[in-house]
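Okay, here's what each chain looks like letter by letter:
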Amino acid sequence: MGKAAAGIVLGAMVLLILLLCGLPGSGGNPADAAPASRAYSGVASCAGSTCHGRMEGDGKIVRQDELMRWQEPSTPGGAHSRAFAVLSGTRGRQIAATLGLGDPASAPACLGCHSTPAAERGARFLAQDGVGCEACHGPASGWIASHYAVGASHAANVAAGMIPLDRPQVRASVCLDCHFGSDRPGQFVDHRIMAAGHPRISFELDLFSSMQAHHDEDADYARRKGRTDSLKFWAVGQAMAVERALTLYAGAKGSEGTFPEFYFFDCQSCHRRIYDQAERSKTWEANPGRPIPAGMPPFNDENMIMLSAAARVIAPGAAGRFDADSKAFHAAIAADRRAAVAASGRLAQSAGALANAFAGARTDGDMAFAIVREIAGGAIAPRFTDYEGSVQAVMAVDTLLNAMVKSGRVTVGAAAGIRADVNRAYAAVKEPNGYQPAAFRAALGGAARSIGALR
C-alpha cells in the first residue's frame, strides 16, 4: 500500500495546505440507495479496544488502531479528525465573520464538510468529532453490530448500508462531495467563501486516498476487496471530477446573481499581477485546449486535461469525442449560458462514459508509463498554461509512479532514485504567485523523462 520510498507523502506535503481544504464529507449517493437504517452512531461507537481503538496495530484481520491513526495530530492521515477544530481557529473565525455566518462551529455552511453531515444521529454522535468514520463508510446503525461477526462478508456489510469504498466510482463520489462540492447544504465552497479566505478546492482521488488510508492492504484485504489499482482510481477520479463540475455548473450553482459562479473558473487566470506602464506586460498564454477569446476567464480544466491524457491510453476509442466535446464546451462559454449549459451536458456524458470505461478496464504498469508520456508530451503539455492544471499534473505523475511500483514495473529503490526530479516539479507549483508556465513545463518534462528511463 505504501508509496515509493517516502515518495508520495513527501512530495504531497509540498501542496498539503492547498489540497486538504475542502475536507471529505458525506457518503453521497451510494448511501442513499442503502436499504438499512440511516442513523449515524458516532465515532465513539467504533472506539472499543476490541474494535478500532487499540494503541497498537496488532489485530489479526484489521489493524484495530484505525482510530488512533485517524486522530494523529501531525500527519495528513489525521486531517479529517481536525476538520471541526479548524473552524474555531483564526482563519475560520475570520471567514465566518466576513460572511456573516456567526459561530463557524455551528454554521450549516461549514458543517457539511467540516463535520459528518448526519440527519439522523445516535446518542454517541458528536459533531465536534469532525469528519468521522461514517462520513466515508456510511451510517453505521444498520451494520455496526454485524460487520465484525463470524462469517460476516464485505458484500453483506454493503447490503446493510456500508459504502463500498473499494469501488473507484463510489469512492470518488464520496470524496467529491467535499473535495469538489455537491448540491447538498454546506458542501459547496463558492467564490464568496474563497474570497473570504477559504483555500481553493482541489481533488485527486488516489493521492488523497493514500494520505487518508488507515488500513493495511494485506492478503486478507485483497481476498475480501481485491487489490487497489492506483492507476484506475486516479483515472476514474479525474473522469468523475469533470462530470461533477459540469453537473453543478449546469444547475442552480452555476450562477451568482447576474454573474457566473466564479468558483468554476480558473483562479490563476484572473488573480495575477496588474501592470500599468508604457509597454504592455502580457500575463497569460494562449491555450490550445480552450478556444475562447483572449482575456476571457477560462473554465477550470485541470481535470479535463488529465482525463484527456488518460483517455488516449486507456480508452483511445473515446478520446477523440471527449477532446471535441471539451473544446466545444470552452467555445460555448464565450457565447452565452444557454449554449454553455447544453455543451456541459454533452461533455459530462463523455466524462461519465470514460469513468465507466476506466472502471471496467484492465490496467497495468505499461499504461502508467504511457500516460506519464502523454501528460508531458506535445499534445497535452502546451495546455499547462495555468497554475491549477499544473498542480494536477504533478500529482498525477507522482500517483502514476506509485502505480508502476505497485504493479512491479519499477522497484522502490528506482522510484526513490528519481524523487528529486519529481520534487522539482512539485517545487514549480509550490507558490501560486510565483508560478511560471514555461519553468513548470520544463520541470514536468524532466520528471517524465526520468520516469520513462525506468521502463
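Residues numbered from 1 in each chain as written. Predicted model: local features only at pLDDT ≥ 70, side-chain atom pairs only at ≥ 80, totals over all residues. Heavy atoms only, no water.

Joining two cysteines, a disulfide is a covalent bond between their sulfur atoms. In the structure shown here, the tally under the stated rule is 1 disulfide. Each disulfide pairs two cysteine sulfurs, and for Cys113 the partner residue is Cys178, the sulfurs being separated by 1.8 Å. Its S-S torsion of about -95° marks the bond between Cys113 and Cys178 as left-handed, since a negative value means left-handed. Here Cys178 lies in helix 9 (residues 168-179) and Cys113 lies in helix 6 (residues 108-114), a separation of 65 residues in the sequence. (Disulfide = S-S within 2.5 Å. Helix = DSSP H or I, 4+ residues; strand = E, 2+ residues; numbered from the N terminus.)

Below, the discussion takes up the packing of aromatic side chains. Using the criterion set out here, one finds 16 aromatic pairs in the structure. Linked through ring pairs, Phe180, Phe188, Tyr249, Phe259, Phe262, Tyr263, Phe264, Phe265, Phe299 and Phe329 together constitute an aromatic cluster. Positioned over the ring face of Tyr249 is Arg337, at 5.0 Å from the centre of the ring. (Phe/Tyr/Trp six-rings, centres within 6.5 Å; stacked < 30°, edge-to-face > 60°. Lys NZ or Arg CZ within 6 Å of the ring centre and 35° of its normal.)

Structurally, Arg38 is set in the loop between helix 3 (29-32) and helix 4 (66-71). Taking the C-alpha atoms as reference points, Arg38 and Gln169, separated by 131 residues in sequence, lie 21 Å from one another.

On to the pattern of salt bridges. Pairing is possible between side chains that carry opposite charge, provided their charged atoms lie close to one another. Following the criterion strictly, the structure yields 22 salt bridges and no others. When the shortest N-O distance is used, the salt bridge between Asp177 and Arg244 registers 3.1 Å. Of the two residues, Asp177 is situated in helix 9 and Arg244 in helix 13 (residues 230-250); the sequence distance between them amounts to 67 residues. Side by side, Asp177 and Arg244 carry an identical accessibility label, which is buried. Between Asp220 and Arg223 there is a salt bridge, with its nearest N and O atoms 2.8 Å apart. (Salt bridge = Lys/Arg side-chain N within 4 Å of Asp/Glu carboxyl O. Buried < 20%, exposed > 50% of the residue type's maximum accessible area, 1.4 Å probe, protein only.)

A few words on the nonpolar core. Trp234, Phe358, Ile375 and Phe384 are the most contacted members of the largest nonpolar core, which totals 92 residues. Broken down by element, this core gets its largest block of residues, 13 residues, from helix 13. (Core = buried A, V, L, I, M, F, W, Y, C linked by side-chain atoms within 4.5 Å.)

Looking now at the packing of helix 18 (residues 365-375) against helix 19 (residues 387-406). Interaxial distance between helix 18 and helix 19 falls to 9 Å at its minimum, and their mutual angle equals 160°. With respect to each other, helix 18 and helix 19 are oriented roughly antiparallel. Crossing of helix 18 against helix 19: the hand is left-handed. In this structure, helix 18 contributes Gly365, Ala368, Phe369, Ile371, Val372 and Ile375 to the contact, and helix 19 contributes Ala393, Ala396, Leu400, Ala403 and Met404. Of the residues contributing to the contact of helix 18 with helix 19, the split by class is 10 nonpolar, 1 polar and no charged. (Axes fitted to C-alpha atoms, helices over the stretch in contact; angles between N-to-C directions. Parallel < 35°, antiparallel > 145°, perpendicular 65-115°, else oblique. Left-handed = near helix turned anticlockwise from the far one by under 90°. Contact = heavy atoms within 4.5 Å. Nonpolar A, V, L, I, M, F, W, Y, C, P; charged D, E, K, R; others polar.)

Before going further, it helps to spend a moment on the packing of helix 16 (residues 316-333) against helix 17 (residues 337-360). Between two packed helices, the angle of one axis relative to the other and the distance separating the axes together describe the packing. The geometry of helix 16 relative to helix 17 is characterised by a closest axis approach of 8 Å and an angle of 160° between their N-to-C directions. Between helix 16 and helix 17, the crossing angle belongs to the class labelled roughly antiparallel. The interaxial crossing formed by helix 16 with helix 17 has left-handed handedness. Between helix 16, through Ala318, Arg321, Phe322, Asp325, Ser326, Ala328, Phe329, Ala332 and Ile333, and helix 17, the contact on the second element is made entirely by Ala339, Ala340, Ala343, Ser344, Arg346, Leu347, Gln349, Ser350, Ala351 and Leu354. Residues of the contact of helix 16 with helix 17, tallied by class, amount to 12 nonpolar, 4 polar and 3 charged.

Attention now moves to unusual backbone geometry. Even without being a glycine, Gln64 presents a positive backbone phi close to 75°. For Gln64, the location among the structural elements is in the loop between helix 3 and helix 4.

A few words on the confidence of the model for the protein chain. When pLDDT is averaged along the protein chain, the result is 89; 92% of the residues meet or exceed 70. Highest mean pLDDT in the protein chain belongs to helix 15 (residues 302-314) (98); lowest belongs to helix 2 (residues 16-19) (35). The low-confidence segment residues 1-36, where pLDDT is below 50, has 106 contacts with residues more than four positions distant or belonging to other chains. (pLDDT = per-residue confidence, 0-100.)

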